[in-house]
Amino acid sequence: METFVGIFIVVIVFFIIVSGIFTVKQQTAALVERFGKFLSIRNSGLHFKVPLVDRIAGKINLKIQQLDVNIETKTKDDVFVNLKVSVQYQVTRSKIYDAFYKLESPSAQITSYVFDVVRAEVPKMKLDDVFVRKDDVANAVKSELNDAMLDYGYDIIRTLVTDIDPDDKVKESMNRINASEREKIAAEFEGETERIKIVAVARAEAESKRLQGQGIADQRREIARGLEESVEVLNKVGINSQEASALIVVTQHYDTLQSIGSQTNSNLILMPNSPEAGSNMLNDMIASFTAASQIGDEMKKQNDRKAIQGKSD
């Protein structure tokens, strides 16, 4: 019986001793109390506490933690918008005691400050400014939280406005506005494209007209050179210049008639077009050339007499 009691006592003592051994994980701190009063802070590793005297009051996470806060507020232009603010915070190692004993619920405290700051900053901005200046809102939240939470042993690492969600009707209106702006820009580009095409066509037509005029000028120059050579050839066989010119004109008249006759669908009528028109044209041209020559000779004689009379005076 005494042996059994001895074994029982040994077992009890063993379990009591073992119950005083505990471990703390990495990036975690344990707070030990003795008879309800704070005793020490134990960091990661294997530790021992006095059984039945000391107890672990709690453990606190030393990692960077994130708290997401969803807030509904109103902008300056009376648009209700939902904002999601992400707060990244961490317990300061030198203030683990304050973080554990001074603050009951850090997440609730942080949430309250975020609500207060966001609902003070966003109503000063229009909806478009909220999207553009979301970093200003985040910085204001961070500044306010740092001042408030530092005394409780919490360091605010970063605050981010991760989502801005207006009412569905507002988003639909904004999408229509953006679509209208894009259509306006597209129309401007299309108009500029059409203008460039018109300018290019006009330039092409101008260049075509210039080349066409140059071709006509070259053609007429070659015709004149051919006529000059024809007159010279006719002069060599005893036909004077007047008769040669008339003959060339009549020849071109018949060449034109031949060209018109080769076109089956032509509606052009060349005047005069009677069979004796060529002969009459030749006689009339010779007579006109002769009369013009006689008038020219007479005018030259009159000019010579005036010049002689002027010298004698």
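Structure: above.
Residues numbered from 1 in each chain as written. Predicted model: local features only at pLDDT ≥ 70, side-chain atom pairs only at ≥ 80, totals over all residues. Heavy atoms only, no water.

Draft legend 1. Fine view of a nonpolar patch on the surface. A contiguous nonpolar patch, built from Phe8, Ile9, Ile12, Val13, Ile16, Ile17, Ile21, Leu46, Phe48, Val50 and Leu52 and spanning about 1,000 Å² of accessible area, is present on the exposed surface. For the nonpolar patch, the secondary structure elements donating two or more residues are helix 1 (2-19) and strand 4 (45-48). Looking at the nonpolar patch, the element that brings in the most residues is helix 1, giving six residues. Topologically, Phe48 is positioned in strand 4. What makes Phe48 partly exposed here is its relative accessible area of 44%. (Patch = residues over 30% accessible without salt bridge, like charges linked within 9 Å, V, L, I, M, F, W, Y side chains within 5 Å. Areas by Shrake-Rupley, 256 points an atom, 1.4 Å probe, with all protein chains shown as cover. Salt bridge = Lys/Arg side-chain N within 4 Å of Asp/Glu carboxyl O. Helix = DSSP H or I, 4+ residues; strand = E, 2+ residues; numbered from the N terminus. Buried < 20%, exposed > 50% of the residue type's maximum accessible area, 1.4 Å probe, protein only.)

Draft legend 2. Representation of the sheet that holds strand 3 (residues 37-42) in the model. Taking strand neighbours across the sheet as the criterion, the three strands line up as 3-2-5 in an open arrangement whose pairing is antiparallel. Lying at the two open borders of the sheet, with one neighbouring strand each, are strand 3 and strand 5 (54-61). Averaged over all pairs of adjacent strands, the angle between their axes in this sheet comes to 25°, without regard to strand direction. (Pairing = 2+ DSSP bridges. Axes fitted to C-alpha atoms, helices over the stretch in contact; angles between N-to-C directions.)

Draft legend 3. Seen up close, a negative patch on the surface. On the surface, Asp116, Glu144, Asp147 and Asp151 cluster together into a negatively charged patch. Its location among the elements puts Glu144 in helix 5 (residues 134-149). Classification of Glu144 as partly exposed rests on a relative accessible area of 34%. (Lys, Arg positive; Asp, Glu negative; His and termini not counted. Charge placed at Lys NZ, Arg CZ, Asp CG, Glu CD.)

Draft legend 4. Spatial organisation of the nonpolar core. By size, the foremost hydrophobic cluster in this structure holds 32 residues, and its most contacted members are Ile60, Ile110, Val114, Val118, Leu145 and Tyr154. Residue assignment for this core shows that the elements contributing at least two residues are strand 2 (28-34), strand 6 (65-74), strand 7 (80-91), helix 2 (96-101), helix 3 (106-121), helix 5 and strand 8 (154-166). Element by element, the count of residues in this core is highest for strand 7, at six residues. Excluding its chain neighbours within four sequence positions, the residues that come into contact with Ile60 are Gln27, Thr28, Ala29, Leu31, Val91, Ile96, Ala99, Phe100 and Tyr154. (Core = buried A, V, L, I, M, F, W, Y, C linked by side-chain atoms within 4.5 Å. Contact = heavy atoms within 4.5 Å.)

Draft legend 5. Representation of the packing of aromatic side chains within the structure. Taken as a whole and assessed by the stated rule, the structure comprises five aromatic pairs. Ring geometry for Phe38 and Tyr101: centres 5.9 Å apart, planes at 80°, overall edge-to-face. Here the residue Phe38 occupies a position in strand 3, and Tyr101 occupies one in helix 2, the gap between them amounting to 63 residues. Since its relative accessible area comes to 29%, Phe38 is described here as partly exposed. Look at Tyr101 and you get partly exposed, because its relative accessible area is 31%. (Phe/Tyr/Trp six-rings, centres within 6.5 Å; stacked < 30°, edge-to-face > 60°.)

Draft legend 6. Local environment of the sheet that holds strand 6. Taking strand neighbours across the sheet as the criterion, the three strands line up as 6-7-8 in an open arrangement whose pairing is antiparallel. With one partner strand each, in any of the chains shown, strand 6 and strand 8 form the two edges of the open sheet. The mean angle between the axes of side-by-side strands here comes to 20°, regardless of whether they run parallel or antiparallel. In the packing of helix 3 onto the sheet, the strands contacted are strand 6, strand 7 and strand 8, and the crossing angle to strand 6 comes to about 35°. Against the sheet, helix 5 engages strand 7 and strand 8, with an angle of about 145° to strand 8.

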